[in-house]
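Structure assessment
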Amino acid sequence: MTANSLGKNAPPRFYQRFIGGVVQNHDWPRITTQLSGAQFQPRDAGLNFLIINAPIREWSQPNILPLGQSFVGAVSVMDGHRLHVLDLNAMRQRPIRDNPQAFTSWVLEKLTECLSSFRPDVIGIGGIITQYARIKRMTEQCKRIHPDIPIILGGGIATCMPEFMLRRLDIDIVVREEGELTISELLERIELAQPLDGIKGTLFKRYNGDGSFDIVDNGIRPQIGGRELGLDALPWPLRSRWPEEDVYKHNPIGHLNWQNKWKDGAATDAGSYSLAMLGSRGCPYAVNACDYCYTTYLGPKYRLRSPREVVNEMEALKSEYGVNYLHFLDDLLIANPKWAYELFDELKLRRRQTGFKIEWGGTCRTNIIAAEVLKARKSGAPSILERAYEVGMRQAGYGVETGSPTILKSIDKSGQTVDAIRVAIGETIRVFGYADCSFMIGSPGETRETVRETVELCKEIGLAPEVFFFTTAYPGTTFWQLALKKGLVAKAVTGKPGPADEDMIEEYCMRLGEQGDAVRTNFSDLPDEEIVELSWWAVKELGAQNVYRHPHTGDIEPERSPLVRGANDASL
Ligand code: B12
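Residues numbered from 1 in each chain as written. Predicted model: local features only at pLDDT ≥ 70, side-chain atom pairs only at ≥ 80, totals over all residues. Heavy atoms only, no water.

**Details of the packing of aromatic side chains**
Selection criterion: To pair, rings of Phe, Tyr and Trp, with the six-membered ring standing in for Trp, must have centres within 6.5 Å; the planes then decide the type, stacked if under 30 degrees apart, edge-to-face if over 60, and tilted in the middle. In DSSP terms, a helix is any run of H or I states spanning at least four residues, a strand is any run of E spanning at least two, and both are numbered starting from the N terminus. For each residue, the accessible area found with a 1.4 Å probe, counting protein chains only, is set against the maximum for its type, and the residue is called buried under 20%, exposed over 50%, and partly exposed in between. Whether a charge sits over a ring depends on NZ of Lys or CZ of Arg being within 6 Å of the ring centre and within 35 degrees of the ring normal.
Applying the stated rule across the entire model yields 15 aromatic pairs. On the numbers, 5.9 Å between centres and 75° between planes, the contact of W262 with F469 is edge-to-face. Remark: F469 occurs in strand β17 (residues 467–470) and W262 occurs in the loop between β9 (213–217) and β10 (274–277); sequence separation between them is 207 residues. Both residues of the pair, W262 and F469, count as buried. Here the aromatic residues F328, Y341, F344 and W360 are joined through ring pairs into a cluster of three or more. Directly above the aromatic system of F213 lies the positively charged group of K205, at a separation of 4.7 Å from the ring centroid. A cation sits over an aromatic face here: K249 above Y273, 4.3 Å from the ring centre.

Now the structure itself:
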């Protein structure tokens, strides 16, 4: 039973609606609200598709639905497959503080229970690179229980090093970049027991029958177009299949999580509910900028949803989940002022039409905001942030990273200047009462002087940062190549700089976790201990939020370097 039978002649499979990432008809039905899902019933031949969400940020309340997985899930249901979800991150229900060994046993136990009680036709698992150690153990367990069931890996972890993941993990297929169209074609091939050759956006193992395999790369799938061209024709995340109502909406995010984010993420106000959503994909600075940031994992181009579509989803989430705050997870929500004003106008119009209003928050960039603020000051008009506040914006997040012009250059934070930081953050604090800013220490060229510049600037503009991270190299970023070149990946694993072979790269990934927990790739000429000491000094001087986690609790003396195994240590 597909939408086709509803006479709307939608093609039988979701991927067939798009050519070159552009949707061929906007009126074909799709999953949006919970009610809309009813029109897509499973087909007899449909697959039992199990999506597994691995635990992440285990020391905190589970507060974010894996949006990417729920997009993929929605498409599989639209194509008539039977979707099953095992969300081990939500199932833990509380912060995991002690005995990581016991928690690992619990994770594997729940996985075994699920796979012993039900035999899926295909397993999907997604995540980010810091979940590598967990996902490795979980996929091994899946293969132990059901060796012949294909496992598909998706998400940033898959896209950042697809061949490596196929060589190192017990998986069969990688879905690279955006998964919606690729999963639709892939599940069709698996259902029809056809070869996987030619499915754009995938890599897979071609087994040679003797236990060995060749990796086949089917190339990149065109990105889904922006606004009406594509993103507006995607289903909304199929939230109802994940514990959004029972778990995620209760654990605050963004503005509601400002106080407790780095403590345990617990709610400060039991009656407040929040959810996460997206207004765009990627970042306009993705290519050749911000060397530490991995924003190309959904492809190189920045794309927006149309504001009408965004507000439709905001309104539906309020009525379906009773939330009073929505947090945009975009890498950069306010990148295009014209689009932002269109969104503000749409929210204003919707308030007049239906009385809909809600609080929300998202990411900004200092140079973009500063330019708009200065324009408004000249014309005496309300600033972009005042207009945003008027329609419910309550938190603006910035990756400021540093207040030193030298480091702004060395990390390629193009466009961001110290003056732009002054204007944008000054205005943000004036309008919202605070600015949610993250910084990092340990970038190329970092010195005591550059850290002092950052602290002095924050003091000058009255900024209490959210967090100080240690600059960390992630696969898929420019800094990853630099870290390999400087021998920092090997150093993080062996203590000695040098070339890193694949075993070392794997060990490095096994040790990833919170980038504020350990100095993993110190790009500066300062000793690691001094980087920790400087970070602790900055956190204390400025009253930053992340004072609850080692090594920012002041519980260590600077000379005792924290260059030990990260949160994800071998007890997993
Ligand atoms: C939400 C989020 C988190 C959440 C958790 C997310 C989760 N998985 O549950 C939290 C807050 C816990 C988190 C933490 C961190 N995060 Co974070 N986070 C994000 C954020 C803001 C949104 C992710 C998202 O929803 N993307 C949008 C959806 C559509 O994309 P997607 O999930 O990848 O899904 C698509 C595809 O990848 C694919 N897909 C995904 N899953 C699957 C599964 C299958 C089976 C298939 C077929 C396809 C598929 O299809 C989907 C639809 O197209 C991104 C930035 C961003 N805007 O993307 C950073 C981001 C993912 N995080 C990042 C980082 C660095 C971190 C931290 C290390 C930072 C820190 N503080 O130390 C920590 C690590 C914490 C830890 N202990 O491990 C980096 C990525 C790092 C990397 N190289 O992978 C990102 C990209 C930010 C950046 N620009 O650098 N993060």
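The rest of the description comes next.
**Examining the sheet that holds strand β5 (residues 122–126)**
Using the following cut-off: Pairing between strands is defined by DSSP: at least two bridges between them are needed. For helices, the fitted axis covers only the stretch in contact; all axes are lines through C-alpha atoms, and the angles between them, taken along N-to-C directions, range from 0 to 180 degrees. Note on definitions: a residue-residue contact is assigned when non-hydrogen atoms from the two residues lie within 4.5 Å.
Ordered in space as β4-β3-β5-β6-β7-β8-β9, the seven strands form an open sheet in which the pairing is mixed. On the outer flanks of this sheet lie β4 (82–87) and β9, each paired with one strand and no other. Neighbour-to-neighbour, the strand axes of the sheet open up by a mean angle of 20°, direction not taken into account. When strand β7 (residues 173–175) meets strand β8 (residues 202–207), the two strands line up antiparallel, connected through three bridges. Counted as the bridge partner of V174 is L203 from β8. Across the sheet, helix α1 (residues 67–78) lies against β3 (48–53), β4 and β5, angled at about 175° from β3, the strand it touches most.

**Examining the pairing of strand β6 (residues 151–154)**
We count it as follows: Seen with its strands pointing away from the viewer, a crossover is right-handed when the path leading from the first strand over the helix to the second is clockwise.
Residues of β6 alternate between two faces, with I151 and L153 on one and I152 and G154 on the opposite face, all of them buried. For β5 and β6, the ladder comprises four bridges, and the chain directions are parallel. The residue bridging I125 from the neighbouring strand is L153, located in β6. As for the winding sense of the linkage, the β-α-β connection from β5 through helix α4 (residues 132–145) to β6 is right-handed. Sheet topology places β6 next to β7; two bridges connect them, and they run parallel. Counted as the bridge partner of L153 is V174 from β7.

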